[in-house]
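Fold and contact review
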Amino acid sequence: MKAFKIFILSSICMVACMSCSTKPEVEPMDKLIERGLQTAVEQSLIMAKELEPQDSLLPRTYENGKLKTVKYHSWISGFFPGVLWQLYEYNQDEQFRKYAELFTSRVEPAKKMTSTHDLGFMLYCSFGQGYRLTGNKQYVEVIKEGTHSLLTRWNPHLKVMQSWGKNERWQFPVIIDNMMNLEMLCFMTRETSDQMYMDIAKTHANTTIENHFREDYSTYHVVSYDTITGQPHAKNTAQGDAHESSWSRGQSWGLYGYTMMYRETGDPAYLKQAIAIANFLVNHPRLPEDKIPYWDYDAPEIPNAERDASAGAIMASALIELSQLDKSESSSKWLDIAEKQLRSLSSPAYMAGIGEQGGFIIKHGVGHLRAGGEVDVPLSYGDYYYIEALLRYKKLLAQADK
Ligand code: GLY
């Protein structure tokens, strides 16, 4: 149904443009960014007010007319606080700082969790953003404790951190998403000058380059390691369509992860990896015209497959950063695609109207389609990376103006 709606909306725009005698005006990026951020501000305020009295709850999605929530232990707990921090960076409004502090504090108990690898998402997107913007040293203490919890999952023999618990199928599963937790380790080295954190991040990233990617630079979702030989014994999917398919959000995590690792380390191997992933994605024959991926690049239902706007938002944010780090001729291509993605996400086809969707910003995300959950819904991480992408693009425009 969603795929059909997106087609109708795009068609209406095309017909409207064709009926104009003059060339349709393209909204300048600075205007589009302001519009997107203003929508984010209004929507997030609606959500913050709704959840303020609901002790310990954080938003997950909006499904069947209802706001669905989580507590600190969900992998997504840090995204709404991160949305609020980013909006505070944008508008410097004390109300946003107050809400960002409130919802960040709801995530704090996660720092003691050793049962998840997602602590980078949970703590760095919330406390990390808060520290960057306020310099609050207590936030660093939370990140430090959380990082030590995360490192209980590090295996020096296998040279990777464990993502999920072992089961009958997998001895030591590592998912591509785990690349996103490395930024918190890099931060810890910057903060403490202890190289150990960065060394672990680099080792995990190197092992992942070796074992997660296919020849075309698409990535498997799950690689499980044999704990005796140290070699992969299974290359599978959990959230994608098939073991050999390319689950879209996983591809975006990989792109973002290696772009970030190049920014943090300056190691050209990570830039090479990020560029290769970006090429696979932007040249993919099944990346739709509006550049928002289907939920899996190999979904058998294409062209009627659901889109995953969250994969598009993560990819846009990563491509903007890559366009600045890649000094080769291809760099303009990354920004071009990111711009198209931001135009799509900021259009009525993807962006919620004020008061809609319980205060979420970006519609049409897919959480875990094959498990039947979170299909064609807004997702807190879609919103987080959409705002990050807008702010990154805004900074580029400001630099160009100087
Ligand atoms: N593991 C996070 C995700 O669904 O992308």
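Remember, predicted model here, so these are calculated numbers, not experimental data. (Residues numbered from 1 in each chain as written. Predicted model: local features only at pLDDT ≥ 70, side-chain atom pairs only at ≥ 80, totals over all residues. Heavy atoms only, no water.)

Glancing now at the side chain of S126. Within the secondary structure, S126 sits in helix α5 (residues 119-134). Take S126: its relative accessible area is 0%, and that puts it in the buried class. Among the polar contacts made by the side chain of S126, one reaches the main-chain carbonyl oxygen of L123 at a distance of 3.3 Å. With residues near it in sequence (within four places) discarded, S126 still touches G78, P81, G82, W85, T104 and V107. (Helix = DSSP H or I, 4+ residues; strand = E, 2+ residues; numbered from the N terminus. Buried < 20%, exposed > 50% of the residue type's maximum accessible area, 1.4 Å probe, protein only. Polar contact = N/O pair within 3.5 Å; in protein donor to acceptor, adjacent residues only side chain to side chain. Contact = heavy atoms within 4.5 Å.)

In this section: the sheet that holds strand β5 (residues 173-175). Across the sheet, which stays open at both edges, the 3 strands sit in the order β5-β6-β7 with antiparallel pairing between neighbours. Each end of this open sheet is capped by a strand with a single partner; those strands are β5 and β7 (232-236). Adjacent strand axes in the sheet meet at a mean angle of 20 degrees, parallel and antiparallel pairs treated alike. When strand β6 (residues 222-225) meets β7, the two strands line up antiparallel, connected through 4 bridges. Opposite S224, over in β7, you have A234 as the bridge partner. (Pairing = 2+ DSSP bridges. Axes fitted to C-alpha atoms, helices over the stretch in contact; angles between N-to-C directions.)

A few words now on the site of the ligand. The environment of the ligand is formed by W75, D177, Q239, W247, R249 and W253. Between an oxygen atom of the ligand and a side-chain N or O atom of Q239, the distance comes to 2.8 Å. W253 places a polar side-chain atom, nitrogen or oxygen, 2.9 Å from an oxygen atom of the ligand. When the free accessible area of the ligand is taken as 200 Å², the share hidden by the protein chains comes to 93%. (Near = heavy atom within 4 Å. Areas by Shrake-Rupley, 256 points an atom, 1.4 Å probe, with all protein chains shown as cover.)

Counted according to the given criterion, the structure contains 25 salt bridges. Here K111 ties to E108 by a salt bridge, and the two come within 2.8 Å at their closest N and O atoms. Taking relative accessible area as the criterion, K111 reaches 15% and is therefore assigned buried. With a relative accessible area of 28%, E108 lands in the partly exposed category. When the shortest N-O distance is used, the salt bridge between K111 and E145 registers 3.7 Å. Here E145 lies in helix α6 (residues 137-150) and K111 lies in the loop between α4 (94-105) and α5, a separation of 34 residues in the sequence. Accessibility expressed as a relative area gives 30% for E145, which makes it partly exposed. If you follow the salt bridges from partner to partner, you end up with E183, R190, R263, E264, E321, E388 and R392 in one network. (Salt bridge = Lys/Arg side-chain N within 4 Å of Asp/Glu carboxyl O.)

The next point concerns helix α10 (residues 268-282). Counted at 1.5 Å a residue, the expected span for α10 with its 15 residues is 21 Å, and the 21 Å between its end C-alpha atoms agrees. Within α10, 11 of the 15 residues are buried, which leaves it mostly tucked inside the rest of the structure. Restricting attention to buried positions, one finds in α10 the residues Y270, L271, Q273, A274, I275, A276, I277, A278, F280, L281 and V282. Where α10 is buried, its residues touch α8 (195-212), α9 (248-265), α11 (309-325) and α12 (331-345). For α10, the side-chain oxygen to backbone nitrogen distance between the N-cap and A269 is 2.9 Å, and the N-cap itself is D267. (Expected span 1.5 Å × (residues − 1).)

Reading predicted coordinates in detail is not appropriate for stretches of low pLDDT. When the pLDDT values of the protein chain are averaged, the result is 95; 95% of them are 70 or greater. Counting contacts from residues 10-17, a segment whose pLDDT is below 50, to residues more than four positions away or on other chains yields 1 contact. (pLDDT = per-residue confidence, 0-100.)

Let's shift gears to the environment of E191. Looking at where E191 falls in the secondary structure, it is placed in helix α7 (residues 182-192). Here the alpha-carbon distance between E191 and A276, two residues 85 residues apart in the chain, equals 31 Å. Setting aside residues up to four positions removed in sequence, E191 forms contacts with Y131, K137 and V140. There is a polar contact of 3.3 Å between the side chain of E191 and the side chain of K137.

Let's shift gears to the packing of α9 against α10. Where α9 meets α10, the closest approach of the two axes is 8 Å, and the angle between their N-to-C directions is 155 degrees. For the element pair α9 / α10, the angle class is roughly antiparallel. Handedness of the crossing formed by α9 with α10: left-handed. Two secondary-structure elements touch here, α9 through Q251, G254, L255, Y258, T259, M261, Y262 and T265 and α10 through P268, Y270, L271, Q273, A274, I277, A278, F280 and L281. Split into classes, the residues belonging to the contact of α9 with α10 amount to 12 nonpolar, 5 polar and no charged. (Parallel < 35°, antiparallel > 145°, perpendicular 65-115°, else oblique. Left-handed = near helix turned anticlockwise from the far one by under 90°. Nonpolar A, V, L, I, M, F, W, Y, C, P; charged D, E, K, R; others polar.)

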